[in-house]
Amino acid sequence: MELRWDPAPADWVDGLRHASPAYRFAPYFAAAFGLAAVVLVFLGQLYAGLFGMFCAVVIALLPLLGVWVSFRRNPVAGTTMTANVDEQSLRMMTVDGTAYSDVDWAKVSGWLETRRGFVLRTGPDRSSPFYPVPNRAFAQSEQRQQFRELLVRRVGPAEQK
């Protein structure tokens, strides 16, 4: 099966949310700050409430901004990717040939399906390196289903979010 996609920062956000607690829990911390800020405003503490709202926005946006900046600084990150998938491995390469990865299925320790695509993990824990494969890489939904079935067959069932 052949795949092709243009990487986006959102692909990496999915992987980082799976790998890092700071990315995974940032929206919940921001919501808690926002709720506390609203309570402060209703209690008559306008400046403290506004400061809390500002903190909530910063907490929510900082991880996303960090990924976006890192993505833009890396010249290879946004380069069109191609991948060949078979029973032995996933071989990914940039179209211009500047980066290449051959990931044997035996080295993939787990995978997760998100609303944006798949995240393949290559180490024993959540902080291990990962490879995002977005849904837009698949030309048809049947390809995505075949990829999912291949992952189940070669790696095992999907991890829980």
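Residues numbered from 1 in each chain as written. Predicted model: local features only at pLDDT ≥ 70, side-chain atom pairs only at ≥ 80, totals over all residues. Heavy atoms only, no water.

### What to know about the sheet that holds strand β5 (residues 110-113)
As a reminder, the rule being used: Pairing between strands is defined by DSSP: at least two bridges between them are needed. Under the DSSP-based scheme used, a helix requires at least four consecutive residues in state H or I and a strand at least two consecutive residues in state E, with every element numbered from the N terminus. For helices, the fitted axis covers only the stretch in contact; all axes are lines through C-alpha atoms, and the angles between them, taken along N-to-C directions, range from 0 to 180 degrees. Contact between two residues is taken to exist if any of their heavy atoms lie within 4.5 Å; hydrogens are not considered.
One open sheet accounts for three strands, arranged β5-β6-β7; its pairing is antiparallel. The open sheet has two edge strands, β5 and β7 (130-134), and neither has a second partner. The average angle at which neighbouring strand axes cross in this sheet is 15°, direction not considered. In terms of strand pairing, β5 meets strand β6 (residues 117-121) through four bridges, oriented antiparallel. Looking at the pairing, Gly110 lines up with Arg121 of β6. Each of β5, β6 and β7 is contacted by helix α1 (residues 9-19), which is oriented at about 135° to β7, the strand it contacts most. Sheet strands in contact with helix α4 (residues 141-154) are β5, β6 and β7, and its direction is about 25° off that of β6.

### Notes on the pairing of β7
For clarity, the threshold we go by: For the exposure calls, accessible area comes from a 1.4 Å probe over protein chains only, and a residue counts as buried if that area is under 20% of its type's maximum, exposed if over 50%, partly exposed in between.
Here β7 lies mainly inside the structure; four of its five residues are buried. The pairing of β6 with β7 spans five bridges and is antiparallel. Bridging from a neighbouring strand, Gly117 pairs with Pro134 of β7.

### A few points about the pattern of salt bridges
Note the threshold: By convention in these notes, a salt bridge is any Lys or Arg side-chain nitrogen within 4 Å of a carboxyl oxygen on Asp or Glu.
Following the criterion strictly, the structure yields six salt bridges and no others. A salt bridge links Asp86 to Arg91, with the nearest nitrogen and oxygen atoms 2.8 Å apart. A relative accessible area of 24% means that Arg91 is categorised as partly exposed. Its salt-bridge partner being Glu87, residue Arg153 comes within 2.6 Å of it at the nearest N-O pair. Taken as a pair, Arg153 in helix α4 and Glu87 in the loop between β2 (81-85) and β3 (89-94) lie far apart in primary sequence, 66 residues in all. On the accessibility criterion, Arg153 (51% relative accessible area) is exposed. Residue class for Glu87 comes out partly exposed when judged on its relative accessible area of 33%.

### Some words on the nonpolar core
Filter applied, for reference: We define the nonpolar core as a collection of buried residues of types Ala, Val, Leu, Ile, Met, Phe, Trp, Tyr and Cys that are connected through side-chain atoms lying within 4.5 Å of one another.
Judged by nonpolar contacts, the single largest core of 19 residues is most densely connected at Leu3, Leu90, Trp105, Leu120, Val133 and Phe147. If you list the elements that add at least two residues to this core, you get β1 (2-5), β2, β3, β6 and α4. Among all residues touching Trp105, those that are not within four sequence positions of it are Val85, Asp86, Glu87, Gln88, Ser89, Leu90, Leu120, Phe147, Leu150, Leu151, Arg154 and Val155.

### A look at the layout of surface pockets
Test applied: Throughout, the protein atoms alone are placed on a 1 Å grid, and a set of points is a cavity if a 1.4 Å probe fits but cannot get out or a pocket if it is open with protein on both sides within 12 Å along at least five of seven lines; lining residues have an atom within 4 Å of a point. Grid points are joined across faces, edges and corners, and a volume is the space filled by probe spheres set on the points. For this classification, Asp, Glu, Lys and Arg are treated as charged, while Ala, Val, Leu, Ile, Met, Phe, Trp, Tyr, Cys and Pro are nonpolar and the rest, including Gly, are polar.
In this model, the largest pocket occupies a volume close to 390 Å³. Every residue lining the largest pocket is counted, 21 residues in all, and those nearest its centre are Pro7, Trp12, Val76, Ala77 and Met81. Elements that contribute at least two residues to the lining of the largest pocket include exactly α1, α3 (46-73), β3, β4 (100-104) and β7. Looking at the lining of the largest pocket, its residues break down into 16 nonpolar, four polar and one charged.

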